[in-house]
Each structure stands twice: as C-alpha cells, then as structure tokens.
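Chain residues, written in single-letter form:
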Amino acid sequence: MLLKYLELGKIVSTHGVRGELRVQHWCDSPEFFKSFKTVYLGKNGQDPYKVLGARPHGNIMLLTLEGINDIDAANTLRGKIIYVERDKAPLDPGSYFIAELIGCSVVDADDESKIYGKVTDVLNTGASDIWQIKGTDGKEYLLPSIPEVVISVDVANNITKVRPMKGIFDEGEEIRED
C-alpha cells in the first residue's frame, strides 16, 4: 500500500553541544538520507523541520535541524521517529519501499485466485531478502525474494505475484522411514 510518509530513522542521541542529532537510519545509504530538505517528527506530516545538514558518522547519521541549536533542544527530540514525504523520496522505476510491501497480498502468478497470504515482514539475510508471509491458514511461511519466485510487486494495488518453489506453501511429500 502506498504510504504518504515513510520512516527514515530514529533519533537515538545528541552529538556535541550545538544541537546536532545522532540518527539510526533505516535506509540503504547515507546519500538517500541526505537527499531530504525537510523531515517530520509526526507520522502524518506533523512537526516539519528544515534540514540544515546531514552527514554519515560511522553507522549512524548526524543531523542538524533548523531551530535545534543546543543540547537541551536536541535532547527533547531523543527517541523520536523521523519521517519524510514519499513523493520526495528518490526511487528507481520498478522499485518499492519495504514499508509499502508489508500488508500486500501474496497470490499465485499463474492462478490469481490462489491466495497464499499477506507479507508481514521482510528479513535481510545478506544473499537476498526473505519475505515473512502469514498464510490464509494462519501459519507463517518464509519466501525468498528472488526473481525466479517473485514475479511482480504492485504496492499501489497491494498485491504481489509469486511462483513459489515446491515445499514453501505445501507440505511436500511425506518422507517415510522403513
């Protein structure tokens, strides 16, 4: 489902005494983080702040916001989630945000009447993402997000089409030991 605002990260601490914020970012790269001129501290676009500076610092980002000029002001923002407008987020054609994939229906690419369930989470294993699916039967399934399995993703219409490998959604053949 397309979201109007996306989570960019969480303010975890302050940095120095001039109001700089330490942010644990939830995006793929510092360049993506640095591309925003305005951030919001409310999930529906409340509390906008103009970004004066953003720079990587180890595995976090340091963020300077207009009006946050000292450590006391910065401390009041500790623990807040930072949001950005989706329309301002650079995205390659055919790509999607994981937050928008959550909740999408998972259907068979060859028989759309066959519904497997809904995406509940995305796990990053390094080699490929793994989708966690809550099946229509209430069970949890793990689906590799690879081109041979995930045929199409349409977050605008809340649907993904898959061609799952044998054994992912079916029990497979019973193994007997004689």
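Now for a look at the structure at hand. (Residues numbered from 1 in each chain as written. Predicted model: local features only at pLDDT ≥ 70, side-chain atom pairs only at ≥ 80, totals over all residues. Heavy atoms only, no water.)

1. Details of the overall build of the protein chain
The secondary structure content of the protein chain amounts to 3 helices and 12 strands. Whereas a compact globule of 178 residues would reach a radius of gyration of roughly 16 Å, the protein chain reaches 20 Å, over 25% beyond that. Over its C-alpha atoms, taken along the principal directions, the protein chain stretches across nearly 70 × 40 × 25 Å. When burial is assessed residue by residue, the protein chain has 36% of its 178 residues classed as buried. (Helix = DSSP H or I, 4+ residues; strand = E, 2+ residues; numbered from the N terminus. Rg over C-alpha atoms; globule rule 2.2 N^0.38 Å. Buried < 20%, exposed > 50% of the residue type's maximum accessible area, 1.4 Å probe, protein only.)

2. Thoughts on the pattern of salt bridges
This model, assessed by the stated rule, comprises 5 salt bridges. For the salt bridge of K88 with E85, the shortest nitrogen-to-oxygen distance reads 3.8 Å. Note on K88: relative accessible area 54%, which makes it exposed. Measuring nitrogen to oxygen at the nearest pair gives 2.8 Å for the salt bridge that ties K161 to E112. Linking K161 in strand 12 (residues 159–162) with E112 in the loop between strand 7 (105–108) and strand 8 (115–124), this pair joins segments that are 49 residues apart in sequence. Using a relative accessible area of 44% as the deciding quantity, one classes E112 as partly exposed. (Salt bridge = Lys/Arg side-chain N within 4 Å of Asp/Glu carboxyl O.)

3. Some details on the sheet that holds strand 8
The strand order across the open sheet formed by 6 strands is 10-9-8-7-12-11, and the pairing between neighbours is mixed. Bordering the open sheet on either side are strand 10 (140–144) and strand 11 (150–154), each of which pairs with just one other strand. Pairwise comparison of adjacent strand axes, ignoring direction, gives a mean angle of 35° for this sheet. (Pairing = 2+ DSSP bridges. Axes fitted to C-alpha atoms, helices over the stretch in contact; angles between N-to-C directions.)

4. Structural notes on the side chain of E100
Of note, E100 is situated in helix 3 (residues 98–101). Judged by relative accessible area, E100 falls into the buried class, the value being 0%. A polar side-chain atom of E100 sits 3.0 Å from the main-chain amide nitrogen of L3. There is a polar contact of 2.4 Å between the side chain of E100 and the side chain of R86. Ignoring any residue separated from it by four or fewer positions in sequence, one finds E100 in contact with M1, L2, L3, L6, R86 and V155. (Polar contact = N/O pair within 3.5 Å; in protein donor to acceptor, adjacent residues only side chain to side chain. Contact = heavy atoms within 4.5 Å.)

5. Looking at the pairing of strand 9 (residues 129–135)
In terms of strand pairing, strand 8 meets strand 9 through 7 bridges, oriented antiparallel. Counted as the bridge partner of L123 is I130 from strand 9. Taking the residues that link successive antiparallel strands as the turn, the strand 8-strand 9 hairpin has 4 residues, and the phi of G126 there is positive, at about 100°. Strand direction decides the pairing type here: strand 9 and strand 10, joined by 5 bridges, are antiparallel. Bridge pairing in strand 10 links Q132 to L142. Counting the residues in the hairpin turn of strand 9 and strand 10 gives 4 residues, including G138, whose phi is positive at 90°.

6. What about the nonpolar core?
General note: in soluble globular proteins, nonpolar side chains tend to be found buried as a group. Within the largest apolar cluster, 22 residues are counted, with the highest numbers of intra-cluster contacts made by L8, L21, V23, L63, L65 and I82. Those elements that provide at least two residues to this core are strand 1 (5–15), strand 2 (20–25), helix 1 (30–34), strand 5 (60–65) and strand 6 (81–85). For L8, the residues in contact, after removing those within four places along its chain, are H25, W26, C27, F32, F33, F36, V39, I82, Y83 and V84. (Core = buried A, V, L, I, M, F, W, Y, C linked by side-chain atoms within 4.5 Å.)

7. Quick notes on the packing of aromatic side chains
This structure, assessed with the given rule, holds 5 aromatic pairs. Their ring planes at 15° and their centres at 4.2 Å tell us that Y116 and F169 sit as a pair that is stacked. Linking Y116 in strand 8 with F169 in the segment after strand 12, this pair joins segments that are 53 residues apart in sequence. Comparing Y116 with F169, the two get one shared label, buried. Here the aromatic rings of Y141 and F169 are separated by 5.0 Å at their centres, their planes lie at 55°, and the arrangement is tilted. Of this pair, Y141 sits in strand 10 while F169 sits in the segment after strand 12, and the two are 28 residues apart along the sequence. Classification of Y141 by relative accessible area gives buried; the value is 9%. By the ring-pair criterion, three or more aromatic residues cluster together here, those being F32, F36 and F97. (Phe/Tyr/Trp six-rings, centres within 6.5 Å; stacked < 30°, edge-to-face > 60°.)

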